[in-house]
Amino acid sequence: MQTLPADLSVQLPAIAADIVERLRRRAPRVHCVTNSVAQNFTANMLLAAGAVPSMTTAPEEIAAFVRGADALLVNLGTFDAERRAAVEAALAAVEGRPWVLDPVFVDRSPDRAAFARSLLAARPAVVRLNRAELGTLAAGADARAAAARWTTTVALSGATDVVTDGVASLSLGNGHALMARVTAMGCAGSALVAACLAVEPDPLTAAASALLLLGIAGEQAAGASRGPGTFAIAIIDALDALDGATIRQSAKVGA
Amino acid sequence: MQTLPADLSVQLPAIAADIVERLRRRAPRVHCVTNSVAQNFTANMLLAAGAVPSMTTAPEEIAAFVRGADALLVNLGTFDAERRAAVEAALAAVEGRPWVLDPVFVDRSPDRAAFARSLLAARPAVVRLNRAELGTLAAGADARAAAARWTTTVALSGATDVVTDGVASLSLGNGHALMARVTAMGCAGSALVAACLAVEPDPLTAAASALLLLGIAGEQAAGASRGPGTFAIAIIDALDALDGATIRQSAKVGA
Amino acid sequence: MQTLPADLSVQLPAIAADIVERLRRRAPRVHCVTNSVAQNFTANMLLAAGAVPSMTTAPEEIAAFVRGADALLVNLGTFDAERRAAVEAALAAVEGRPWVLDPVFVDRSPDRAAFARSLLAARPAVVRLNRAELGTLAAGADARAAAARWTTTVALSGATDVVTDGVASLSLGNGHALMARVTAMGCAGSALVAACLAVEPDPLTAAASALLLLGIAGEQAAGASRGPGTFAIAIIDALDALDGATIRQSAKVGA
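This one's a predicted model, so the numbers in the text were calculated from it and none came from an experiment. (Residues numbered from 1 in each chain as written. Chains lettered and ligands numbered in written order. Predicted model: local features only at pLDDT ≥ 70, side-chain atom pairs only at ≥ 80, totals over all residues.)

Turning next to the overall build of chain A. If you tally the helices and strands in chain A, you get 11 helices and nine strands. Its C-alpha radius of gyration of 16 Å places chain A within 12% of the 18 Å reference for a compact globule of 255 residues. In chain A, once contacts between residues fewer than 6 apart in sequence are set aside, the share between residues at least 24 apart is 74%. (Helix = DSSP H or I, 4+ residues; strand = E, 2+ residues; numbered from the N terminus. Rg over C-alpha atoms; globule rule 2.2 N^0.38 Å. Contact = placed C-beta atoms within 7 Å.)

The following block contains the structure:
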């Protein structure tokens, strides 16, 4: 496991600003196996960040899409026989590409939790989840212990986000309460983690940058919104407009 | 069948305002088996109303989701072998929970109409539909006669909505022409009926309150819109912002 | 193959303005077999144009929907066993109705490209695609040669759109860079082609009108947008508000 600079929390805003530039310059392809509720919003958020989304979940062709992609998202928001086959085909094709696991609602379905556990064994670069989902999968362990046990980076969303690779940890204080009032915001966050992994090899840095960008975009969007409807649109605009100066001025990063 | 207060049409605005408070306080879980066109908009409308949506249609796990929910929506907007199995698994798990049937487009597909008829026998608390769909399922009977025959509450959408349990009836005059210009508005209305049923046991009151809230939100949204695109966003904001004073001042309820 | 008036490029704005009126007056039904990412946006764009969308992809019932429709869209944005069966059932029912093929991402998946080639043999009225997709299907031929070989009309999207039936060609210069920053814009464009085919029998005229209307709506929307999020909403409003004077003043049509 890499040892990270002690001052990553200080450097993160500048790194995240650079990652934004890399996304816009390289336009990485991100293939998403995600639920149908989240697909449209996720695609538009990826496009706003500079990435190029693809979304097929057909087991017949997903390997070709994954082999043409720079990163993969596996979101369990729908978990049926076909999507399970698609995930397995996608992971068989993923080879060295980074991939993100978003174990949506594993707290609601024991079968889904069991499938998520089997996916943890396939070594995602990052697992992004919320507190209820972590509680189900990690059986009481905190994010750091879970990351160490699963040999991955855990990005735990909440009022304050925590990102940890089991050794180093970062806390991220940006965001807005309206983010919890829009469906698929967490799913889109996981897709942004995948996009950042396509241009930044260190999972902790990539995951923390993605959540930092999302949180700051949320704050910018809140000022342009009249409620959760306009907010879900304004955050796409805000992500598209995000610049380095805003990131550096707004970032609330702790160790 | 319950006998309703003769003056429900007078009391409904105050009751609906109280239901809004109950939704925000209790945050009921509403599981939706709905079509992929409607999923994102429906989820955001439920969140705006204070409810917590889930949307999986995977037959393998839907029973777990239904058992964790407070109400269920069965929307036939897509009707394939998997979704049919999902509906059957959902209803097998629904037990005492209230559920809503939205027989979308049964007027276009005889097979779908036959499936909808079999679901009527499983006793939804409320059936929400439009005139063409009622015509197909009720073979000429009006909403009141259909409700009596099916032993349910019928919520018939139109320029004026009619809600009836076969004995008492209410007419609801709120709404805006733009509501018919946005896809999935009816589907979202049915989901709101399910949300209201989660916090209000009387089906007539719950269904009428849901359609009243939707109609008033539509009127509020129209003033903040430049067309059907902005309207579909503004109605989410309006539902989120709806307060008791607005409901009481705006409600157009008749017997 | 019809011979088209030499001055179609001059007449197109007036014809497109008339097609807008026909859409609003006749409200044609357009059945869409399209991917779940695009469904909601496509439905709202069709409604904004005056058409009535339906979207089921269930093989069991799609024939009934197609027989009740005035035009059909076949979009390959998801390509699984069920959707393939749905497409085959839809085409078996399409009879004399015009249909549009949108071979999304055939450049990413050889199986999808092979399926698209088999669909070309079933004679779509119009094939709408981008340069990468044309390159995959036409093996180096340009749009005009591809249209001649496939005996269809090709609508090639790009900074300048080209529409050709293999004999006559039109170039369309309207549009805005934000159109490429929103998911499903091309899919919605193909759906608009299907809508126009429902009210205009000449495929070249219908396809060119659809892309002209979309491009002008995009320009109108750009002025009302702060980024790709608000743009995707504003273009729905703009399509709804489009009038003949705006079309005639804004159109950039070349031979």
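Once the structure has been displayed, the description carries forward.
Once that is clear, we can look at the interface of chain C and chain B. Quite often, the size of an interface is put as the accessible area lost when its parts meet. With 24 residues of chain C in contact, the opposing surface of chain B contributes 25 residues. Going through the elements one at a time, α2 (39-49), β2 (52-54), α3 (62-67) and α10 (228-241) of chain C are the ones with two or more residues in the side of chain C that touches chain B. Considered class by class, the residues forming the side of chain C that touches chain B number 12 nonpolar, seven polar and five charged. (Nonpolar A, V, L, I, M, F, W, Y, C, P; charged D, E, K, R; others polar.)

It is worth spelling out unusual backbone geometry at this point. Non-glycine residue A:R123 carries a positive phi angle of around 65°. Along the chain, the position of A:R123 falls in the loop between α5 (110-120) and β5 (126-129). The residue B:A27 is not glycine, and still its phi comes out positive at about 45°. Of the residues examined, B:A27 has 16 C-beta atoms within 10 Å and is grouped as partly exposed. (Buried ≥ 20, exposed ≤ 12 C-beta atoms within 10 Å, placed from the backbone.)

Residues and elements named next belong to chain A. Strand order in the open sheet made by the nine strands is β2-β1-β3-β4-β5-β6-β7-β8-β9, with mixed pairing throughout. Edge positions in the sheet fall to β2 (52-54) and β9 (253-254), since each has one partner strand and no second. Across the sheet, helix α8 (residues 185-199) touches β1 (29-33), β3 (71-75), β4 (99-102), β5 and β6 (153-156), and the angle it forms with β3 is around 160°. (Pairing = 2+ DSSP bridges. Axes fitted to C-alpha atoms, helices over the stretch in contact; angles between N-to-C directions.)

Residue and element names in this part refer to chain C. Strand β6 (residues 153-157) sits mainly inside the fold: five of its five residues count as buried. Neither face of β6 is left uncovered, since the one carrying T153, A155 and S157 and the one carrying V154 and L156 both have all their residues buried. One ladder, built from five bridges, connects strand β5 (residues 126-130) with β6; its direction is parallel. Within β6, the residue paired with R128 across the bridge is A155.

Once that is clear, we can look at the packing of helix α8 (residues 185-199) of chain B against helix α9 (residues 203-222) of chain B. Residue and element names in this part refer to chain B. Axis separation between α8 and α9 bottoms out at 8 Å; the angle between their running directions is 135°. Considering their axes alone, α8 and α9 lie oblique with respect to each other. The handedness of the crossing between α8 and α9 comes out as right-handed. Here G189, L192, V193, C196 and L197 of α8 lie close against α9, whose contacting residues are P203, A206, A207, S209, A210, L211, L213 and L214. In terms of residue class, the contact of α8 with α9 is made up of 11 nonpolar, two polar and no charged. (Parallel < 35°, antiparallel > 145°, perpendicular 65-115°, else oblique. Left-handed = near helix turned anticlockwise from the far one by under 90°.)

So, on to the sheet that holds strand β8 (residues 169-172) of chain C. Residues and elements named next belong to chain C. Read from one edge to the other, the open sheet built from nine strands follows the order β2-β1-β3-β4-β5-β6-β7-β8-β9, with strand pairing classed as mixed. Looking at the sheet topology across the chains shown, the edges are occupied by β2 and β9 (253-254). With two bridges joining them, strand β4 (residues 99-102) and β5 adopt parallel strand pairing. Looking across to β5, one finds that V100 is bridged to V126. The sheet strands contacting helix α8 (residues 185-199) are β1 (29-33), β3 (71-75), β4, β5 and β6, and the helix crosses β3 at an angle near 160°.

Let us look at the interface of chain B and chain A. If you look at the interface, chain B gives 25 residues, while chain A gives 24 residues. Elements supplying a minimum of two residues to the side of chain B that touches chain A: α2 (39-49), β2 (52-54), α3 (62-67) and α10 (228-241) of chain B. Ranked by the residues each element gives to the side of chain B that touches chain A, the list is headed by α10(B), at seven residues.

The next subject is the relation of the copies chain C and chain B. Between chain C and chain B, the superposition needs a rotation of 120° and an axial shift of 0.0 Å, giving an RMSD of 0.0 Å. In short, the pair behaves as if placed about a three-fold rotation axis. Of the C-alpha atoms belonging to chain C, the one lying closest to the rotation axis is found on C:S36, 3.6 Å away. (Least-squares fit on C-alpha atoms with pLDDT ≥ 70 in both.)

Before going further, it helps to spend a moment on the relation of the copies chain B and chain A. Aligned on chain A, chain B shows an RMSD of 0.0 Å; the corresponding rotation is 120° and the shift along the axis is 0.0 Å. When the interface residues of chain B are mapped onto chain A, a mere 12% of them again fall at the interface, so the copies present different faces.

Model confidence for chain A is summarised by a mean pLDDT of 95, while 98% of its residues fall at 70 or above. This complex was scored by the predictor with a pTM of 0.96 and an ipTM of 0.95. (pLDDT = per-residue confidence, 0-100.)

It is worth spelling out the packing of helix α2 (residues 39-49) of chain A against α8(A) at this point. Residue and element names in this part refer to chain A. Running from N to C, α2 and α8 point in directions that differ by 40°, and their axes come no closer than 9 Å. Relative to α8, the element α2 is oriented oblique. The handedness of the crossing between α2 and α8 is right-handed. Where α2 abuts α8, its residues F41, T42, M45, L46 and A49 lie against C187, A188, A191, L192 and A195.

Its location among the elements puts C:S169 in strand β8. With residues up to four places along the chain from it excluded, the contact list for C:S169 reads C:R144, C:V162, C:V163 and C:T164.

Another point: helix α6 (residues 131-138) of chain B. The α-helix winds at 3.6 residues per turn, so residues separated by three or four positions along the chain end up facing the same way. All names here are of chain B. Within α6, the full set of buried residues consists of E133, L134, T136, L137 and A138. Each element contacted by the buried residues of α6 is listed here: α5 (110-120), β5 (126-129), α7 (143-150) and β6 (153-156). In the segment just after α6, A139 is the residue with positive phi, at about 50°.

Right, let's get into the pairing of β3(C). Residues and elements named next belong to chain C. For β3, the tally of buried residues reaches five of five residues, placing the bulk of the element in the interior. By the bridge criterion, four bridges tie β1 to β3 in an arrangement that is parallel. Note on β3: the bridge partner recorded for C32 is L73. Sheet topology places β3 next to β4; four bridges connect them, and they run parallel. Note on β4: the bridge partner recorded for V74 is L101. On the question of chirality, the crossover connecting β3 to the parallel β4 by way of helix α4 (residues 81-94) is right-handed. (Right-handed = clockwise from strand over helix to strand, strands pointing away.)

In terms of nonpolar packing, the biggest core is built from 315 residues, with A:A195, B:A195 and C:A195 touching the most fellow members. What C:A195 contacts, discounting residues up to four positions off in sequence, is C:L23, C:P28, C:V30, C:L46, C:A49, C:A51 and C:A71. (Core = buried A, V, L, I, M, F, W, Y, C linked by C-beta atoms within 7 Å.)

Turning our attention to the environment of B:R67. Locating B:R67 in the fold gives a position in helix α3. For the pair B:R67 and B:P98, spaced 31 residues apart in sequence, the C-alpha separation works out to 12 Å.

Turning to the environment of C:V33, a few remarks are in order. Residue and element names in this part refer to chain C. Note on placement: V33 falls in strand β1. Separated by 43 residues in sequence, V33 and L76 place their C-alpha atoms 8.0 Å apart. If we skip the residues at most four places from it in the chain, V33 touches T57, L73, V74, N75, R83, A86, V87 and A90.

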